[in-house]
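Tertiary structure, described
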Amino acid sequence: MIAGKTGLGITLAAAVGLFLAGCIGSKMVYPEDWAPLTITGRSTCHNITGKYRAISEPLSYYNRPCTNVGEGWYCRSLPESLIGMKKLVTEDTWVEIKGINGTELRIIVGTKGAIQDKITLSAVANQFECGEDGVVVKIESKFMAGDGAIGINTGFEKSFRKATDGSLVMKETTSGGGVIFLVMPVAGSSTQWWKWEPLER
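Read on for a plain summary of the structure. (Residues numbered from 1 in each chain as written. Predicted model: local features only at pLDDT ≥ 70, side-chain atom pairs only at ≥ 80, totals over all residues. Heavy atoms only, no water.)

Quick notes on the overall build of the protein
- A count of helical and extended segments in the protein gives 2 helices and 12 strands.
- Sequence-ordered secondary structure for the protein, helices as α and strands as β, is α-β-β-α-β-β-β-β-β-β-β-β-β-β.
- Taking contacts inside the protein between residues at least 6 apart in sequence as the whole, the part at least 24 apart equals 54%.
- Carbon and sulfur atoms make up 54% of the accessible area of the protein, which totals about 11,000 Å². (Helix = DSSP H or I, 4+ residues; strand = E, 2+ residues; numbered from the N terminus. Contact = heavy atoms within 4.5 Å. Areas by Shrake-Rupley, 256 points an atom, 1.4 Å probe, with all protein chains shown as cover.)

Right, dumping it as structure tokens:
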């Protein structure tokens with residue numbers, strides 16, 4: 001389930017306002033109807049180990065089930081969000097996260113009893129890090145151009161953290177800047193929240 005989202009795409013009329021304002025953005029707060037996030041000490045990495053459904057809860061106003069999904073507006077794939085796995089997942093797909101010596105995360109993706117994929121993320125190789133908001137997976141900056149806009153996506157960060165009901169929660173933060181029609185500088189940001197239910201409580 002996603003609590004909120006906002007895009008960086010804008011119209012010409014909006015661009016004028018953005019130029020005057022200097023920036024755009026929306027920081028969506030954590031949903032009040034979700035279980036509270038777990039809290040850990042500053043020197044302790046968040047524990048995200050567990051076994052979870054691979055498909056997030058759907059947005060209710062789309063009125064459609066999440067039976068097959070990769071990346072989407074109303075559902076989100078955990079394998080895609082966590083390790084960039086582009087395959088479609090179903091309601092039978094699960095993801096297990098295991099911690100190894102505090103420096104590695106072993107990710108196992110399976111459907112029913114069969115394992116589909118395995119990958120290990122290393123903190124030493126800077127594939128993830130322990131942050132205040134959770135276990136942080138950083139995405140490289142992306143250059144974007146088209147429709148009269150040119151710019152660079154300067155920050156794309158995903159932080160994973162457990163809620164007290166055992167769910168895995170992702171805070172996805174995107175920030176970027178550029179110019180519209182080659183004359184108007186703009187900058188913007190967005191925050192989204194996603195949640196995957198645990199298979200074992």
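Having seen the structure, we can now continue with the description.
Here we look at the sheet that holds strand β1 (residues 50-53)
- Strand order across the open sheet formed by 4 strands is β1-β4-β5-β6, with antiparallel pairing between neighbours. Looking along the sheet, the strands with just one partner apiece sit at the ends: β1 and β6 (114-122). The mean inter-strand angle of the sheet, taken between neighbouring strand axes irrespective of direction, is 20°.
- Bridging between strand β4 (residues 93-100) and strand β5 (residues 104-111) involves 8 bridges; their strand directions are antiparallel. Among the inter-strand pairings, V95 is bridged to a residue of β5, identified as V109. (Pairing = 2+ DSSP bridges. Axes fitted to C-alpha atoms, helices over the stretch in contact; angles between N-to-C directions.)

Digging into the state of the cysteines
- Enumeration over the complete set of coordinates arrives at 1 disulfide.
- Covalently, C45 is tied to C130 through a disulfide, its sulfur atoms 2.0 Å apart. Because the torsion about its S-S bond is -95°, the bridge between C45 and C130 counts as left-handed. In this pair, C45 is assigned in the loop between α1 (12-21) and β1 and C130 in strand β7 (residues 129-131), connecting sequence segments 85 residues apart. (Disulfide = S-S within 2.5 Å.)

Topic: the side chain of R161
- Here R161 is to be found in strand β10 (residues 149-162).
- For R161, which is buried and forms no salt bridge, the nearest opposite charge comes from D133, at a distance of 4.3 Å.
- Among the polar contacts listed, one links the side chain of R161 to the backbone oxygen of T38, at a separation of 2.7 Å. (Buried < 20%, exposed > 50% of the residue type's maximum accessible area, 1.4 Å probe, protein only. Lys, Arg positive; Asp, Glu negative; His and termini not counted. Salt bridge = Lys/Arg side-chain N within 4 Å of Asp/Glu carboxyl O. Polar contact = N/O pair within 3.5 Å; in protein donor to acceptor, adjacent residues only side chain to side chain.)

Purely geometric stuff here, so don't read any function into it on its own.
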